[in-house]
Amino acid sequence: MIKRLLPTILVLASMIAMPTPALAQAYDFTVPQMTVDAYWNEDGSLSLDYNIVFTNNFGGHIIDYVDLGLPNSDFDINSITAYVNGQQVYDISAEGFQGQGSYGVAIGISPYVISPGASGTVQISIGRINNVLYRASEGENYASAVLKPAYFTSDTSSGTTNLTVTFHLPPNVTEDEPRYYAAPAGFSEVPESGFDVEGRIYYRWHNSFATPYEQYEFGASFPSSYVPASSLVSEQNNPFKNMNFGFLIPLICFTSFALMVGWSIWSANRRKLQYLP
């Protein structure tokens, strides 16, 4: 029997259960180190590089899948590559994603599984994700770039993580133009900044004592003129954006009529009405 445990968000480790006559083994691993490089490109797309070190504790399931959650479904699966301890793996599937959340890919790392008591480094690169930039609160002239790196659950992971997150801003952005958002607790208020090897401005946040089961959010903004206007999403995290509220019109009319009748009855009989939520 195969059972894959689903951690809470963006990247999730999945493992094959090895049945025993008694109680099945529990998933039990640490993530000593994780680095995330987010490249905000001049065409408005996002590229991500994850480097994750797993240590599978003694008695834990072998790790043979990593489910990587992604910001949305608009990614190019052909742009994704994965390596385990320097060995490339090719089992990459959007259909096989079993992590929590609506979007992501499953990375099968066999035959380079991480056995109990062993450690392994998983590198995953996503070359292109679209529709990830939003109009910033600074005004229509700024683009907002926000990322929540992958994390696990306290049921499957423990210990601390040496976490580094780096934003690489679009080419040609100048030093006085970008802005960084407030950092999560445990990270310095002012990120490290400079120029990367491509001459792009970067912001870097680091915490040697992050936890693998906590979600962190990082953000920055820059002038929207450095990316196509068509790449900006007008509304961020609006669950009602695409909803059709036409069905509510008759309900509102009926509710109004019912309230009028109810008020009349209350006035006539001086009774206290009990309303249901």
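Predicted model only: the values in this text are computed from it and were never measured.

Observations concerning the pairing of strand 3 (residues 46-56)
Of all 11 residues making up strand 3, nine are buried, and the element is well covered by its neighbours. Hairpin remark: strand 2 (residues 29-40) followed by strand 3, antiparallel, with five residues in the connecting loop; positive phi at Gly44, about 90°. For strand 3 and strand 9 (residues 119-129), the ladder comprises nine bridges, and the chain directions are antiparallel. Across the sheet, the residue bridging to Phe54 is Gly120, located in strand 9.

Topic: the environment of Ser221
You can see Ser221 is positioned in strand 17 (residues 218-223). Residues Ser221 and Ala145, spaced 76 residues apart in sequence, show a C-alpha to C-alpha distance of 5.8 Å.

With respect to the sheet that holds strand 18 (residues 232-233)
Two strands in a sheet stick together by hydrogen bonds in their backbones, pointing the same way (parallel) or opposite ways (antiparallel). Taken in spatial order, the five strands of this open sheet run 14-17-11-10-18, and their pairing is mixed. In this open sheet, the two strands that pair with only one neighbour each are strand 14 (179-180) and strand 18. As paired elements, strand 14 and strand 17 share two bridges and run antiparallel to each other. By the bridge assignment, Tyr180 is partnered in strand 17 with Ala220.

A short note on the pairing of strand 11 (residues 142-147)
Counted residue by residue, strand 11 has five buried out of six residues, so it is predominantly covered. One ladder, built from three bridges, connects strand 10 (residues 133-135) with strand 11; its direction is antiparallel. Bridged to Arg135 within strand 11 is Ala143. Relative to strand 17, strand 11 is paired through six bridges, and the arrangement is antiparallel. Within the sheet, the bridge partner assigned to Tyr142 lies in strand 17 and is Pro223.

A short note on the confidence of the model for the protein chain
Looking at the protein chain as a whole, its pLDDT mean stands at 80, while 73% of the residues score no less than 70. Contacts of residues 236-253 to residues separated by more than four positions or lying in other chains number five contacts, the stretch itself having pLDDT below 50.

Points about the pattern of salt bridges
Counted according to the given criterion, the structure contains four salt bridges. For the salt bridge of Glu217 with Lys148, the shortest nitrogen-to-oxygen distance reads 3.5 Å. Linking Glu217 in the loop between strand 16 (201-210) and strand 17 with Lys148 in the loop between strand 11 and strand 12 (157-158), this pair joins segments that are 69 residues apart in sequence. Residue Lys148 is classed as partly exposed on the basis of its relative accessible area of 34%.

What counts and what doesn't
- Going along each chain's sequence as written, the residues are numbered from 1 onward.
- The predicted origin of the model limits local features to residues at a pLDDT of at least 70 and limits the giving and counting of side-chain atom pairs to 80 or more, whereas totals for whole chains, interfaces and linings rest on all residues.
- Heavy atoms from the whole structure form the basis of all side-chain values; hydrogens and water molecules are not counted.
- Buried, partly exposed and exposed residues are distinguished by accessible area as a fraction of the type maximum, computed with a 1.4 Å probe on protein chains only: under 20%, between the cut-offs, and over 50%, respectively.
- Comment: elements are numbered from the N terminus, with helices defined as DSSP H or I runs of at least four residues and strands as E runs of at least two.
- Two strands qualify as a pair provided DSSP detects at least 2 bridges between them.
- The score called pLDDT rates the predictor's confidence residue by residue, from a low of 0 to a high of 100.
- Residue contacts are counted whenever heavy atoms from the two residues lie within 4.5 Å of one another.
- When a carboxyl oxygen of Asp or Glu lies within 4 Å of a side-chain nitrogen of Lys or Arg, that pair is called a salt bridge.

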